[in-house]
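Breakdown of the fold
Residues per chain, in single letters:
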Amino acid sequence: MKHRNDDISKWSDAIDKTIDHIDQLLDNRQPVPDEDSILYRSLEKVLMRIERQRVVKRRWRLNIAVAIIAFVGIFSVLYFTDDLSESYREITVAYGEKYIVTLPDGSRVWLNAGSKLSYPEQFKRKKRQVNIEGEGFFEISKNPECPFIVTTNHLQVEVLGTTFNVHDYINEDRASVSLETGKVKLKLIGNSEYEANLTVGKTAVYNVSTRSCTIVGSKENGYNVGWTEGKLSFFNTSIDNVVKTLERKYNISISLAADSLLNYSYTFHSKQEELGHIFRRMELISPIRVERISDNHYCIYPK
């Protein structure tokens, strides 16, 4: 094919030179024999055919190039913008409420009061990833080919199929992950060097102030998922965090009358829903007095 194209080019150059010579003869007003006129017209027809072939070839090559560019462009858009095109759902649970969410893969999440969960309508990639603020108990459908990743304000939990509890409210000084079944891999947001495997019966506790994480026994340290059944559980929990928990659970507001109250912490379990019972337990543990100021507001005073 290359040899043929070279011959055509040489032939075309020779014809062009002949036509130029004929044009010069015409310009000099020299008589042109009839044979030359016939040759001139014949050469014009040949050149027009050659030019039409060139135009057709250029158009054919241009169409192929355009098709390839269009295909590459469409593929790039579909591949690289797949995440951007995903639609996300966001579930926000009000104070005093709890909510159960079923995810696209069949996994379920129990959301505690004051929590927020966001997740894609469909898990399109090789990772199932959700974000949570607050507290949630996860029951993950097992899929070894597609790990499940939970991201909070401070933690990242990666699992294959298991049940675990995540607690990470933005206004509290600690976050935790408690494993009930299976196995999870724990990472810290902002600390790429930390990585730990959490086993059954263990809880990872992250201290927001010191940015440190420790692994403790769940039962020995009072961590459980009783909140899904309406139960309360505190283990060496500061009064500030106890107050925030009660505010979310009962949709109330509680104020502290003195800064000295911040020195108190509480360890107890309660199976009763009645708020007055909780306050009485706190009054027995520490020298405080709880008064009801209005329908939804309480104040804690030192004795």
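Residues numbered from 1 in each chain as written. Predicted model: local features only at pLDDT ≥ 70, side-chain atom pairs only at ≥ 80, totals over all residues. Heavy atoms only, no water.

Attention now goes to the overall build of the protein chain. Scanning the protein chain for helices and strands turns up four helices and 18 strands. Considering only intrachain contacts with a sequence separation of at least 6, the fraction spanning at least 24 residues in the protein chain is 46%. Summing over all exposed atoms, the protein chain offers an accessible surface of approximately 18,700 Å²; the carbon and sulfur share of this is 52%. (Helix = DSSP H or I, 4+ residues; strand = E, 2+ residues; numbered from the N terminus. Contact = heavy atoms within 4.5 Å. Areas by Shrake-Rupley, 256 points an atom, 1.4 Å probe, with all protein chains shown as cover.)

Axis separation between helix α3 (residues 239–250) and helix α4 (residues 275–285) bottoms out at 12 Å; the angle between their running directions is 170°. What the angle tells us is that α3 and α4 run roughly antiparallel. Along the contact surface, α3 presents Ile239, Val242, Leu246 and Tyr250, while α4 presents Leu275, Ile278, Phe279 and Met282. Of the residues that constitute the contact of α3 with α4, the class distribution is eight nonpolar, no polar and no charged. (Axes fitted to C-alpha atoms, helices over the stretch in contact; angles between N-to-C directions. Parallel < 35°, antiparallel > 145°, perpendicular 65-115°, else oblique. Nonpolar A, V, L, I, M, F, W, Y, C, P; charged D, E, K, R; others polar.)

Bringing the pattern of salt bridges into the picture now. According to the stated counting rule, one finds 10 salt bridges in the structure shown. One salt bridge in this structure joins Asp105 and Arg128, with 2.4 Å as the shortest N-O distance. Taken together, the residues span a long stretch of sequence, with Asp105 in the loop between β2 (99–102) and β3 (108–111) and Arg128 in strand β5 (residues 128–139) at a distance of 23 residues. Between Asp240 and Lys244 there is a salt bridge whose closest N-O contact spans 3.2 Å. Within this pair, Asp240 and its partner Lys244 are both found in helix α3, separated by four residues, close to a single helical turn. (Salt bridge = Lys/Arg side-chain N within 4 Å of Asp/Glu carboxyl O.)

For the rest of this paragraph, the subject is the side chain of Ser176. Relative to the helices and strands, Ser176 resides in strand β9 (residues 174–181). With relative accessibility at 7%, the residue Ser176 sits in the buried group. Residues within four places of Ser176 in sequence aside, it is in contact with Leu155, Asn165, Val166, His167, Thr203, Ala204 and Val205. (Buried < 20%, exposed > 50% of the residue type's maximum accessible area, 1.4 Å probe, protein only.)

As a further point, take the environment of Val242. Counting through the fold element by element, Val242 comes out in helix α3. By relative accessible area, Val242 is classed as buried at 0%. Along the primary structure Val242 and Leu232 are separated by 10 residues, whereas in three dimensions their C-alpha atoms are 9.9 Å apart. Beyond its immediate stretch of four places on either side in the chain, Val242 contacts Phe234, Thr237, Tyr266 and Met282.

Glancing now at the pairing of strand β12 (residues 202–207). Where β9 lies against β12, five bridges are found, and the strand directions are antiparallel. Following the sheet pairing, Ser176 is matched in β12 by Val205. Where β12 and strand β13 (residues 212–217) come together, six bridges link them in antiparallel fashion. In the sheet register, Thr203 faces β13, and the bridge partner there is Val216. Taking the residues that link successive antiparallel strands as the turn, the β12-β13 hairpin has four residues, and the phi of Arg211 there is positive, at about 55°. (Pairing = 2+ DSSP bridges.)

On to α4. Along α4, the residues classified as buried are Leu275, Gly276, His277, Ile278, Phe279 and Met282. Buried residues belonging to α4 abut β14 (232–238), α3, β15 (253–256), β16 (265–270), β17 (288–292) and β18 (297–302). A distance of 2.9 Å separates the backbone nitrogen of Gly276 from a side-chain oxygen at the start of α4, and that oxygen is part of Glu274. (Polar contact = N/O pair within 3.5 Å; in protein donor to acceptor, adjacent residues only side chain to side chain.)

Turning next to the sheet that holds β17. Taken together, three strands build an open sheet; the order of strands is β15-β18-β17 and the sheet is mixed. The two strands at the open ends of the sheet, each matched to only one other strand, are β15 and β17. Strand-to-strand twist of the sheet, defined as the mean angle between neighbouring strand axes without regard to direction, takes the value 25°. As paired elements, β15 and β18 share four bridges and run parallel to each other. Following the sheet pairing, Ser253 is matched in β18 by His297. In this fold α3 packs onto β15 and β18, with an angle of close to 160° to the strand it touches most, β15. The strands touched by α4 within the sheet are β15, β17 and β18, with β17 carrying the most contacts at an inclination of about 155°.

Attention now goes to the pairing of β9. The side chains of a regular strand alternate between the sheet's two faces. Examined bridge by bridge, strand β8 (residues 163–168) and β9 share five bridges and lie antiparallel to one another. By the bridge assignment, Val166 is partnered in β9 with Val177. As consecutive antiparallel partners, β8 and β9 are separated by five residues.

This part covers unusual backbone geometry. The backbone of Arg211 shows a phi angle near 55°, a positive value even though the residue is not glycine. Even without being a glycine, Asn251 presents a positive backbone phi close to 55°. Among the secondary structure elements, Asn251 is positioned in the loop between α3 and β15. Judged by relative accessible area, which is 44%, Asn251 ranks as partly exposed.

What follows covers the confidence of the model for the protein chain. For the protein chain, the average pLDDT comes to 82, and 72% of its residues sit at 70 or higher. The secondary structure element of the protein chain with the lowest average pLDDT is helix α2 (residues 34–80), at 55, and the one with the highest is β18, at 98. The low-confidence segment residues 29–33, where pLDDT is below 50, has three contacts with residues more than four positions distant or belonging to other chains. Segment residues 75–84: pLDDT under 50, and six contacts once partners within four positions in sequence are set aside and those in other chains are kept. (pLDDT = per-residue confidence, 0-100.)

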